[in-house]
Amino acid sequence: MGKVIVVTSGKGGTGKTSLTGGVASCLAALGHRTLCIDMDIGLRNLDLSLGMSDRALMDFTDVLAGRCPLERAAVCHPVIHNLYLLTAPLTVPPSGFSQRALLAMLHHAREMYEYIVVDCPAGLGSGFHLAVCGADRAVVVSTNDSSALRDAQRTVMELYRYMNTIHLVMNRIQPKLMRRLRTTIDDAMDAAGLPLLGVVPEDSQVMLAANVNQPLVLYARKGAVHAYLNIAKRLMGERVPLMKIH
Ligand SMILES: Nc1ncnc2c1ncn2[C@@H]1O[C@H](COP(=O)(O)OP(=O)(O)OP(=O)(O)O)[C@@H](O)[C@H]1O
Ligand SMILES: [Mg+2]
């Protein structure tokens, strides 16, 4: 049965979508059939991060409403063959949808994919609860500023209602800046109250790759992509040392 991993943060703009796309494409490139689900209704961006804009015609609400089977709504990446995207709608459907329908869809997805990586919207509203309710584990993405870390801690309190396996990824790390601020990754783990899954460096290639509609794994060889690969391997259960960030 496949595993459902939700990528969340509380605060907006911490790098959830970039991490979802990056880690999912690494899981797929490592040979695992992987489905990414964009649950950011109205503000979807995962297609850009995967280099799949305009490919997905149906979205996850079409599956929930029974208009389209999951097999047809989830589209395969043109280059990374194990990678699939189920996108989000551009507007909230007037009829809404039930958690029960979502759990049924995830149950079906677990039979078809080894990993299902869910990109959660910012905030702790109904979109958050929908995105996390069916997950086995969560990855909380934070940058190293006190507001992001405080929001991460609040998010963790909500996540414990649904699951016990929750890890932290520290994103956009700049060692020079951390030295100036006299802060460490250990301090961040204490602030968020979470064990660490990975550290991703500040890397302009994340934005550049999305801007030319290419997944980072096909665009760059080092930097953030290396960190995403290590995180993917840790999610697979491998022990991988933390990468050195200069
Ligand atoms: N490691 C990184 N280095 C440099 N830029 C990054 C990194 N990670 C993400 N970014 C940039 O930060 C911005 C926000 O990233 P992203 O869209 O992934 O965040 P998000 O948490 O999904 O945002 P939202 O809450 O709005 O959904 C983007 O411009 C992205 O290119
Ligand atoms: Mg996002």
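These remarks concern the structure in this document.

The rules behind the values
Residues numbered from 1 in each chain as written. Chains lettered and ligands numbered in written order. Predicted model: local features only at pLDDT ≥ 70, side-chain atom pairs only at ≥ 80, totals over all residues. Heavy atoms only, no water. Patch = residues over 30% accessible without salt bridge, like charges linked within 9 Å, V, L, I, M, F, W, Y side chains within 5 Å. Areas by Shrake-Rupley, 256 points an atom, 1.4 Å probe, with all protein chains shown as cover. Salt bridge = Lys/Arg side-chain N within 4 Å of Asp/Glu carboxyl O. Helix = DSSP H or I, 4+ residues; strand = E, 2+ residues; numbered from the N terminus. Axes fitted to C-alpha atoms, helices over the stretch in contact; angles between N-to-C directions. Parallel < 35°, antiparallel > 145°, perpendicular 65-115°, else oblique. Contact = heavy atoms within 4.5 Å. Expected span 1.5 Å × (residues − 1). Buried < 20%, exposed > 50% of the residue type's maximum accessible area, 1.4 Å probe, protein only. 1 Å grid on protein atoms, 1.4 Å probe; cavity = no way out; pocket = protein on both sides within 12 Å on 5 of 7 lines; lining within 4 Å. Points joined across faces, edges and corners; volume = space filled by probe spheres on them. Nonpolar A, V, L, I, M, F, W, Y, C, P; charged D, E, K, R; others polar. Core = buried A, V, L, I, M, F, W, Y, C linked by side-chain atoms within 4.5 Å. Pairing = 2+ DSSP bridges.

Now for a nonpolar patch on the surface. A cluster of nonpolar side chains, contributed by Met 207, Leu 208, Val 212 and Tyr 219, occupies part of the molecular surface with about 360 Å² of accessible area. Tracing the chain through its elements places Met 207 in helix H10 (residues 205-211).

On to the packing of helix H7 (residues 146-159) against helix H9 (residues 185-192), then. It is the contact of H7 with H9, at a shortest axis distance of 8 Å, that shows an interaxial angle of 45°. As far as their axial angle goes, H9 and H7 are oblique. Along the contact surface, H7 presents Leu 149, Ala 152, Gln 153 and Val 156, while H9 presents Ala 188, Ala 191 and Ala 192.

The next thing to look at is helix H12 (residues 224-235). Taking 1.5 Å per residue as the helical rise, H12 with its twelve residues ought to reach 16 Å, and the 16 Å between its terminal C-alpha atoms agrees with that figure. Within H12, nine of the twelve residues are buried, which leaves the element mostly enclosed by the surrounding structure. Residue Gly 237 follows H12 closely and has a positive phi angle near 100°.

A word on the layout of surface pockets. Once rolled over the atoms, a probe with the size of a water molecule shows which space is left empty. Estimates place the volume of the largest pocket at around 670 Å³. Forming the boundary of the largest pocket are 36 residues, of which Gly 15, Thr 17, Ser 18, Val 206 and Met 207 lie nearest the centre. Of all the secondary structure elements, the ones that give two or more residues to the lining of the largest pocket are helix H1 (16-29), helix H2 (46-50), strand E7 (165-173), strand E8 (196-201), H10 and H12. If you tally residues by element for the lining of the largest pocket, the top one is H1, at six residues. Here the lining of the largest pocket is composed, by residue class, of 15 nonpolar, 15 polar and six charged. Looking at the second largest pocket, its volume works out to about 230 Å³. Lining of the second largest pocket is provided by Ile 173, Pro 175, Met 178, Arg 179, Thr 183, Ile 185, Val 199, Leu 242, Met 243, Lys 244 and Ile 245. It is helix H8 (residues 175-180) that contributes the most residues to the lining of the second largest pocket, three residues altogether. Residues of the lining of the second largest pocket, tallied by class, amount to eight nonpolar, one polar and two charged.

So, about the nonpolar core. For soluble globular proteins, nonpolar side chains are generally found buried alongside one another. Ranked by internal contacts, the top residues of the largest apolar core, which has 84 residues, are Val 6, Leu 19, Leu 35, Ile 37, Phe 60, Leu 86 and Ile 116. Per element, the largest residue contribution to this core is seven residues, and it comes from H12. Setting aside its immediate chain neighbours within four residues, Val 6 contacts Val 118, Cys 120, Ala 131, Val 132, Ala 135, Arg 137, Ala 138, Val 139 and Met 163.

A few words now on the pairing of E8. Summarising burial for E8: five of the six residues are buried, a large majority. Here four bridges tie E7 to E8, and the two strands are oriented parallel to one another. Bridge pairing in E8 links Val 169 to Gly 198.

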